[in-house]
There are 2 protein chains.
Amino acid sequence: MPFKDYLYKYLYQITNGNATKEPEELCCYAYDATGRTFMPDAVVFPGSTSEVSEILKLASLEKIPVIPRGSGSGMTGGSLAVHGGIVMVMSRMNRILEIDCDNFIARVEPGVVTGDFHRAVEQKGLFYPPDPASSAFCTLGGNLGECAGGPKAVKYGVTRDYVLGLEAVIPSGAIIKTGVRTAKGVAGYDLTRLIVGSEGTLAVVTQATLKLLPLPESVKTMAVLFPTIHQAAKTVSEIIKESVVPRCVEFLDKSSIDCVREQIGFNLPGDIQAILIIEVDGSLQTAQQDAAKVEKFCIDKGATDVIIASDSKQSAELWSARKALSTSLFKLAPDKINEDIVVPLNQIPEMVHRIENIKKRTGLTIVSFGHAGDGNIHCNIMYHKKNPRERMLAESAMDELFDHTLELGGTITGEHGVGITKMKYLPKEIGESEMEIMRGIKKVFDPDNILNPGKIFI
Amino acid sequence: MPFKDYLYKYLYQITNGNATKEPEELCCYAYDATGRTFMPDAVVFPGSTSEVSEILKLASLEKIPVIPRGSGSGMTGGSLAVHGGIVMVMSRMNRILEIDCDNFIARVEPGVVTGDFHRAVEQKGLFYPPDPASSAFCTLGGNLGECAGGPKAVKYGVTRDYVLGLEAVIPSGAIIKTGVRTAKGVAGYDLTRLIVGSEGTLAVVTQATLKLLPLPESVKTMAVLFPTIHQAAKTVSEIIKESVVPRCVEFLDKSSIDCVREQIGFNLPGDIQAILIIEVDGSLQTAQQDAAKVEKFCIDKGATDVIIASDSKQSAELWSARKALSTSLFKLAPDKINEDIVVPLNQIPEMVHRIENIKKRTGLTIVSFGHAGDGNIHCNIMYHKKNPRERMLAESAMDELFDHTLELGGTITGEHGVGITKMKYLPKEIGESEMEIMRGIKKVFDPDNILNPGKIFI
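What you see is a predicted model, and the numbers here were worked out from it, not measured in a lab.

The rules we used
Residues numbered from 1 in each chain as written. Chains lettered and ligands numbered in written order. Predicted model: local features only at pLDDT ≥ 70, side-chain atom pairs only at ≥ 80, totals over all residues. Heavy atoms only, no water. Disulfide = S-S within 2.5 Å. Contact = heavy atoms within 4.5 Å. Buried area = accessible area lost by both parts, 1.4 Å probe. Salt bridge = Lys/Arg side-chain N within 4 Å of Asp/Glu carboxyl O. Helix = DSSP H or I, 4+ residues; strand = E, 2+ residues; numbered from the N terminus. Nonpolar A, V, L, I, M, F, W, Y, C, P; charged D, E, K, R; others polar. Least-squares fit on C-alpha atoms with pLDDT ≥ 70 in both. Buried < 20%, exposed > 50% of the residue type's maximum accessible area, 1.4 Å probe, protein only. Polar contact = N/O pair within 3.5 Å; in protein donor to acceptor, adjacent residues only side chain to side chain. Arc of directions from axis to C-beta. pLDDT = per-residue confidence, 0-100. Pairing = 2+ DSSP bridges. Axes fitted to C-alpha atoms, helices over the stretch in contact; angles between N-to-C directions. Parallel < 35°, antiparallel > 145°, perpendicular 65-115°, else oblique. Left-handed = near helix turned anticlockwise from the far one by under 90°.

As a further point, take the state of the cysteines. According to the stated counting rule, one finds zero disulfides over all chains in the structure shown. The thiol of Cys147 of chain A is unpaired, and the distance to the nearest cysteine sulfur, on Cys138 of chain A, comes to 13 Å. Considering cysteine sulfurs only, Cys27 of chain B is the nearest to Cys28 of chain B, which forms no disulfide, with 4.6 Å between them.

Our next topic: the interface of chain B and chain A. Contact with chain B, which involves 78 residues of that partner, is made by 78 residues of chain A. Between chain B and chain A the total buried area reaches about 5,800 Å² when both faces are included, carbon and sulfur atoms providing 62% of it. Three residues stand out in chain B for area buried against chain A, namely Lys184, Val186 and Tyr189 of chain B, and they jointly supply 17% of the buried area on that side. Where chain B meets chain A, there are eight salt bridges. A salt bridge links Asp102 of chain B to Lys241 of chain A, with the nearest nitrogen and oxygen atoms 2.5 Å apart. Where the side of chain B that touches chain A is concerned, the elements lending two or more residues are strand S9 (175-179), helix H7 (191-195), helix H8 (229-242), helix H10 (284-300), helix H14 (426-429) and helix H15 (432-445) of chain B. For the side of chain B that touches chain A, the leading source of residues is H15 of chain B, giving nine residues. A per-class count over the side of chain B that touches chain A returns 34 nonpolar, 26 polar and 18 charged.

A few words now on the relation of the copies chain B and chain A. Here chain B sits on chain A after a turn of 180° about the axis and a move of 0.0 Å along it, with an RMSD of 0.0 Å. Each copy turns onto its partner about a two-fold axis. Taken together, the interface assignments show that 100% of the residues at the interface of chain B recur at the interface of chain A, consistent with an identical surface on both copies.

For the rest of this paragraph, the subject is the side chain of Asp281 of chain B. All names here are of chain B. Within the element layout of this structure, Asp281 appears in strand S14 (residues 274-282). For Asp281, a relative accessible area of 3% translates into the label buried. Engagement of the side chain of Asp281 in a polar contact is seen with the side chain of Lys155, the distance being 2.6 Å. Engagement of the side chain of Asp281 in a polar contact is seen with the side chain of Arg247, the distance being 3.2 Å. Ignoring sequence-local partners within four residues, the contact set of Asp281 consists of Lys155, Tyr156, Pro216, Ser218, Val219, Arg247, Thr286 and Ala287.

Turning our attention to helix H1 (residues 5-14) of chain B. Residues and elements named next belong to chain B. Of the positions making up H1, those classed as buried are Leu7, Tyr8, Leu11 and Ile14. The buried residues of H1 all sit within an arc of 125° when viewed along its axis, so they share a single face. Those residues of H1 that are exposed and aimed more than 90 degrees away from the buried face are Asp5, Lys9 and Gln13. Of the surrounding secondary structure, the elements contacted by the buried residues of H1 are strand S1 (19-20), strand S2 (42-44), helix H3 (49-62) and strand S4 (86-89).

With that out of the way, let us pick up the pattern of salt bridges. The full count for this structure, using the stated rule, is 76 salt bridges over all chains. One salt bridge connects Lys323 of chain A with Asp131 of chain A, and the closest N-O pair in it is separated by 2.7 Å. Separated by 192 residues along the polypeptide, Lys323 of chain A in helix H11 (residues 312-328) and Asp131 of chain A in the loop between strand S7 (126-127) and helix H5 (140-146) bring together distant segments of the chain. Residue Asp131 of chain A is classed as buried on the basis of its relative accessible area, which comes to 7%. Arg361 of chain B serves as the salt-bridge partner of Glu400 of chain B, at 2.7 Å between the closest nitrogen and oxygen. Of this pair, Glu400 of chain B sits in helix H13 (residues 388-407) while Arg361 of chain B sits in helix H12 (residues 348-362); the two residues are 39 residues apart in sequence, bridging distant segments of the chain. Accessibility expressed as a relative area gives 44% for Arg361 of chain B, which makes it partly exposed.

On to the side chain of His404 of chain A, then. All names here are of chain A. Considering the arrangement of structural elements, one finds His404 in helix H13 (residues 388-407). In this structure the side chain of His404 is engaged in a polar contact, spanning 3.1 Å, whose partner is the side chain of Arg354. If sequence neighbours within four positions are ignored, His404 has contacts with Met351, Arg354 and Ile358.

As a further point, take the confidence of the model for chain A. In this model, chain A carries an average pLDDT of 95, and 100% of its residues clear a pLDDT of 70 or more. Reported for the predicted complex are a pTM of 0.97 and an ipTM of 0.96.

Residues and elements named next belong to chain B. With respect to the element layout, Arg322 can be found in helix H11 (residues 312-328). Relative accessible area serves as the criterion here: at 4%, Arg322 is assigned to the buried category. Through-space distance from the C-alpha of Arg322 to that of Ala133 is 8.0 Å; in sequence the pair is 189 residues apart. In contact with Arg322, not counting residues within four places along its chain, are Ala133, Glu250, Leu252, Ile277, Phe369, Gly370, His371 and His378.

With that settled, consider unusual backbone geometry. All names here are of chain A. Phi at Asn449 is positive, roughly 55°, even though this residue is not glycine. Secondary-structure assignment places Asn449 in the segment after helix H15 (432-445). For Asn449, a relative accessible area of 41% corresponds to the partly exposed category.

Glancing now at the sheet that holds strand S5 (residues 96-100) of chain A. Residues and elements named next belong to chain A. What the five strands build is an open sheet, ordered S5-S6-S10-S8-S9; its pairing is antiparallel. The outermost strands of the open sheet, each flanked by one partner alone, are S5 and strand S9 (175-179). On average, each strand axis in the sheet is inclined to that of its neighbour by 10°, with strand direction left out of account. In the sheet, S5 pairs with strand S6 (residues 105-108) via four bridges, with the strands oriented antiparallel. In the sheet register, Ile99 faces S6, and the bridge partner there is Ala106. Helix-sheet contacts for helix H4 (residues 114-123) involve S5, S6 and strand S10 (204-211), and the interaxial angle to S5 is about 35°.

Residue and element names in this part refer to chain A. Read across the sheet, four strands follow the order S1-S2-S4-S3 without closing on themselves; strand pairing throughout is mixed. The sheet is open, and its two edges are formed by strand S1 (19-20) and strand S3 (66-69), each paired on a single side. Across two bridges, S1 lies against strand S2 (residues 42-44) in antiparallel orientation. Bridge pairing in S2 places Ala19 opposite Val44. Helix H3 (residues 49-62) rests against S2, S3 and strand S4 (86-89) of the sheet, and its axis sits at about 170° to S4.

Okay, the packing of helix H8 (residues 229-242) of chain A against helix H12 (residues 348-362) of chain A next. Residues and elements named next belong to chain A. The geometry of H8 relative to H12 is characterised by a closest axis approach of 8 Å and an angle of 150° between their N-to-C directions. As summarised for this structure, H8 and H12 are arranged roughly antiparallel, according to the angle between their axes. The two elements H8 and H12 meet at a crossing, and its hand is right-handed. Contacts from Ile229, His230, Ala233, Lys234, Val236 and Ser237 in H8 reach Ile348, Pro349, Val352, His353 and Glu356 in H12. Split into classes, the residues belonging to the contact of H8 with H12 amount to six nonpolar, three polar and two charged.

If you want it as structure tokens, here you go:
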């Protein structure tokens, strides 16, 4: 259905001119980190909750898709206009409305960049743990949509654990408020956590009340070098049981190391097959003690070296190398399939072994890194999309990867969501009765299927 | 509608004789901690998930209410058969199926007594923080239904934060599996946390996968004595900001102290107006350091004494006094209205002040204690139900209490749920659009409204 001119006029009016239908502008909002593109019919930039409400009312009336969008850094196509329609970019609603140091909460709009929020709360001695690798540009709204995690989830959990309440607009245009501004609350069904992780298919979040923690006094960052990938995997699987609960345990395999070798900030011996980046935190004394425990434990497990970052500069370099990984991979091949599988901790060595076998079978470069401390491995299958053989191999590798993951008791997505890229795999993990309930819930919020249609469910 | 004989025969068959319709047995399952009673038509004790499924299929076909029930220790009437029907007691499904020390998870049936579960995981060096005062007899199934909290929520969160996945049966009889067995997971909508806290109105949980933590090496328990209630309240509201994150901060006002004075295990000066029970945990050294910080902070805030429990026996006595409080209150009056309001931390002093005013206005004994560290105050209005004037006063006190709570940015229930007792107050906190969504969700799971009808929603 062609997009009607009067609709665009309404959008333009509602947002006081913050709308566009120029192709050269539309294409800026047609992509995400999957590398796939779908042109929307129009893009709007609402400036307030009531504008979001007006846009959704109009879209409901006209049965036009609305796709909420943060920075477009999603990994599974969640913000792509797969059926055209209106992309609703939340970048103008980017205010931190409140940081309440007495009650350890913040109130934010969805367009706030996650990294900016980190800095703002840290300046006040507070701490917001969810920290996706894209934190320099992704937004809190996107994080809420996908239930983003990041490295600190090992100790501190994921986005859903930090959302106390939401203001959101449902497709009818009704503005709802969910949850509480307090530490506890159980009045009625948990709509807050239902909307978090729903990938923009149930409601457009216009405000979130987030829980904060006191900023830990001290953090120790360590790079632990291993001569074999299996020693690293075994260390990850046993560290919490036999040593301490670190706040991060990041895993980098050999190919990952090679991609960011120059950014790491210290010299690496050539024969290193895996690195763990481990962080502990707490009071100055606790962090020191725990770092010493971790060091001893890793050496016992066969690490050849444990380099404790001497200062925050060295620690920052290590993290910036880690965070650059996802984009650095394109050095290896022009295309990648990026999966964020999770397996139970004690299955990490077996999973790493099986990934090695998939590599051997397909001959493809598969790069594994990620939040191993909670079993969440980002597995990147590198290939040339235009080469049909490689494409077929890559797809078969992905199938096999998911089958192994589920066989080992894992999940196909730890933090990236289903979007469009994992849609066809979701029924492998979720049964028909459960899918039926999810479709029913979708219908309660969005009877006309206008909000981010074509996602999650086949 | 009278309960038909053939229905009872089916129930008897399905459960191999684990059903009853004898009035003297029915009345054992007619009450809960509200003191209200509703006679069910039959009681069944399913022994397996498939029996639960068969019972629900039958009930759906015949449109008969089914009320899942743990130990009946709920505070808001969640397990009462308000419309008659079948009470489904989960006590036979009481196995701890698995405690997995490698992956920090346990798999349990709903009838496991919470305190038994605590002991079982602690024997393996693991830790399950949710800990309602009724832990000696309440069940994990009930805790899931209400999203129970308890004292350790200050640092460790509530039941929902420890549920990774569920097996549950929906009213149609379909057995569903939600969530994951891993630390992270975002595949599809979060049905797990939707069912947790839904007060048995969406599905009957038949198995839960729970997240565990390593057992902290050391715990220090302190009783902090205050000459005025306001100094205690101010200490609570500032402790996290200015000192450490304790794992518990329990508050006992003067009337509470008087109720359990003899059980407390050490001598209390007569002029004490409030006690805080504060616990810190961590490594031996951390716990010691933090206890010292807390002691100094409390003395600075005007505490007259800080008694650090010398051993686990003294600590256990203190907790058993605290846990006995709820039932000890009947020394003061034959009836109580027990509310578990939550306010933002920095509003605790104001809330305490307003409760004092309600006391003065009504002349009723109102006892406040509870999990002040997360703003969750159990406020008990003591009265004689048979005295019409006291009854009216008690109800007006409750109205006023909720109004103040909401005015201060709080919620009417932190962990007890809505059930029947707070049903009429829920619309004060939750708007009509949100209620409409909740009713829609209820309908998706339970189109015929057979599962625990007459709860939450007016």
